[in-house]
Amino acid sequence: MRSESTASDGEMFQPVTETLARSRLKELQLERLLQTLRHAGSNVAHYQAAFSAAGVTPDDLHCLEDLAKFPFTVKDNLRDAYPFNMFAVPREQVVRVHASSGTTGKPTVVGYTQGDIDLWADLMARTLACMGVRPGDIVHNAYGYGLFTGGLGAHYGAERLGATVVPMSGGNTEKQIVLLQDFGARALCATPSYALNIAEVAEQEGVDIRALPLSIGVFGAEPWSDAMRAELDERLAIESADIYGLSEILGPGVAAECSQARNGLHGWEDHFLFEIVDPETGEPEPVGESGELVITTLTKQALPMIRYRTRDITYLNDEPCACGRTHTRIMRVTGRDDDMLIIRGLNVYPSQVESVLLGLPGIAPYYQLVIRRKGALDTMTVEIETLPDKAESEYPQLAKDVTHHIKSMIGVSCTAEVKRPGQVPRSQGKAVRVRDLRDQ
Ligand code: DLL
């Protein structure tokens, strides 16, 4: 695939594709969807079998709504095809693979042709530009390099945009802080939890990170709340925006918040088709209704994905945005349906607990939820940390405040365990928010 031109004056940071009329976007999607269904159906054994089991062929697609006739793709399909059997091109044409670490079983492997890598760089450049990064800026990239898509995805995109990349990767926090000071990066790419870790270590070292040129946070790869955004904006004196993506679809660069509104992530609809379905029944939900995000790629060569069930819970917003972009907005992902906790019959996402905790005085923004089983019931303990100025004699009252606010704002009963500063583990990448001790 050719690189998109991002050069013409005025359109540079919002090329015409980002403001296409929605009717035109839909025509483009239909055209590209048909090509993708044909490509997948002819070249991937899994899709051949799945289409025929569902009794559909690409010729059954006459309008976008017809996509609902086609079967979903799930993570297990990729696992079953381990390592390379989902590729739609000969392996020799795949110039790069990435893989998810996966907590159980085999990792899922994803592959890219040179054209896919170019597309990814274009979309990440578009994403960074949408978030306010400009050519000539210094971009400090603290996403992990390696099999995780965050590091290399942001790296190629920043280069494509014409920025100067500092390929720091995750960890080595003291050094991150030295380079942020010495090089004067304008944008920081990191998970929000790791960005918070950087802020904390800088404060401990007496570095005034707020005084640095840093002004944009490119934060994603894990669920986070608006309360965490406010915390990061304040501690780092930046404007942080949310970036979303997943390896099975591309990596980072599937959707991003614009610097103008910072209210929902524009999903790049010229390359992806977004649906929301009921996670239980798989039935499509109308725009605006919450459910599981399902994504179909429209231009990927090595790994076309048809109706991939992300398990991420969100809703779409097609209303016009202040920035003028017409691409739909994927509203903040509350969590994955497999991260959802069911405590005494109530559904809870860690990010909801985060929103409550960050609003409470005396509590540091670090937490973990510990789930145990008592008889037939699951119980949740919220482990929190106090700010350094709190005396241990105040801990019982803090614990009471936490349980009271969680009960009144989310409805769920829990216990709170107050820990001394520094005792909740800090994140180097994707934060571990839940410790599940139910099988122990
Ligand atoms: O996390 C890609 C990425 C890298 C996105 C850097 C943004 C920045 P995976 O490791 O495959 O890919 O994990 C994908 O992470 O299905 C979501 O559950 C979660 N996730 C990613 N971005 C967000 C976000 C990368 N902004 C999985 N908000 C996805 C909430 C997110 N969850």
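Residues numbered from 1 in each chain as written. Predicted model: local features only at pLDDT ≥ 70, side-chain atom pairs only at ≥ 80, totals over all residues. Heavy atoms only, no water.

Draft legend 1. Broad picture of the packing of aromatic side chains. A complete count under the given rule lists six aromatic pairs for this structure. Residues Phe219 and Trp224 carry aromatic rings whose centres are separated by 5.9 Å and whose planes lie at 70 degrees to one another, so their mutual orientation is edge-to-face. Taken together, the ring pairs in this structure connect Tyr47, Phe51 and Phe70 into an aromatic cluster. Against the face of Tyr156 rests Arg96, its NZ or CZ located 4.8 Å from the ring centre. Sitting over the ring of Trp224, Arg332 keeps its end group 4.7 Å from the ring centre. (Phe/Tyr/Trp six-rings, centres within 6.5 Å; stacked < 30°, edge-to-face > 60°. Lys NZ or Arg CZ within 6 Å of the ring centre and 35° of its normal.)

Draft legend 2. Examining the nonpolar core more closely. Of all hydrophobic cores here, the largest spans 73 residues; its most connected members are Tyr244, Ile249, Phe272 and Ile295. The element contributing the most residues to this core is helix H4 (residues 114-130), with nine residues. When residues no more than four places from it in sequence are discounted, the contact partners of Phe272 are Gln29, Leu123, Ile249, Leu250, Gly253, Val254, Ile295, Thr296, Thr297 and Leu298. One finds Val207, Tyr367, Ala399 and Ile406 within the second-largest nonpolar core, a separate group that totals 51 residues. (Core = buried A, V, L, I, M, F, W, Y, C linked by side-chain atoms within 4.5 Å. Buried < 20%, exposed > 50% of the residue type's maximum accessible area, 1.4 Å probe, protein only. Helix = DSSP H or I, 4+ residues; strand = E, 2+ residues; numbered from the N terminus. Contact = heavy atoms within 4.5 Å.)

Draft legend 3. Region of the structure containing the sheet that holds strand E7 (residues 239-246). In spatial order, the strands read E4-E3-E5-E6-E7-E8-E9-E14-E13; together these nine strands make up an open sheet with mixed pairing. Edge strands, defined here as strands with exactly one partner in the open sheet, are strand E4 (164-166) and strand E13 (316-317). The strands that helix H6 (residues 173-183) touches are strand E3 (138-141) and E4; relative to E3, the one it contacts most, it runs at about 180 degrees. Contacts from helix H7 (residues 192-204) reach strand E5 (187-190) and strand E6 (216-220) within the one sheet, and its direction differs from that of E5 by about 120 degrees. (Pairing = 2+ DSSP bridges. Axes fitted to C-alpha atoms, helices over the stretch in contact; angles between N-to-C directions.)

Draft legend 4. Representation of the pairing of strand E19 (residues 377-386) within the structure. Buried residues dominate E19, accounting for nine of its ten residues. When strand E18 (residues 363-374) meets E19, the two strands line up antiparallel, connected through nine bridges. Looking at E19, one finds that Lys374 is bridged to Leu377. Two successive antiparallel strands, E18 and E19, enclose a turn made up of two residues, where Gly375 displays a positive phi of approximately 65 degrees. On the question of chirality, the crossover connecting E19 to the parallel strand E20 (residues 415-419) by way of helix H10 (residues 395-410) is right-handed. (Right-handed = clockwise from strand over helix to strand, strands pointing away.)

Draft legend 5. Geometry of the pairing of strand E11 (residues 291-297). With seven of its seven residues buried, E11 lies for the most part within the structure. Both strand E10 (residues 272-277) and E11 contribute to a ladder of six bridges, which runs antiparallel. From the neighbouring strand, Val277 faces E11, where its bridge partner is Glu292. In terms of strand pairing, E11 meets strand E12 (residues 308-314) through four bridges, oriented antiparallel. Across the sheet, the residue bridging to Gly291 is Thr314, located in E12.

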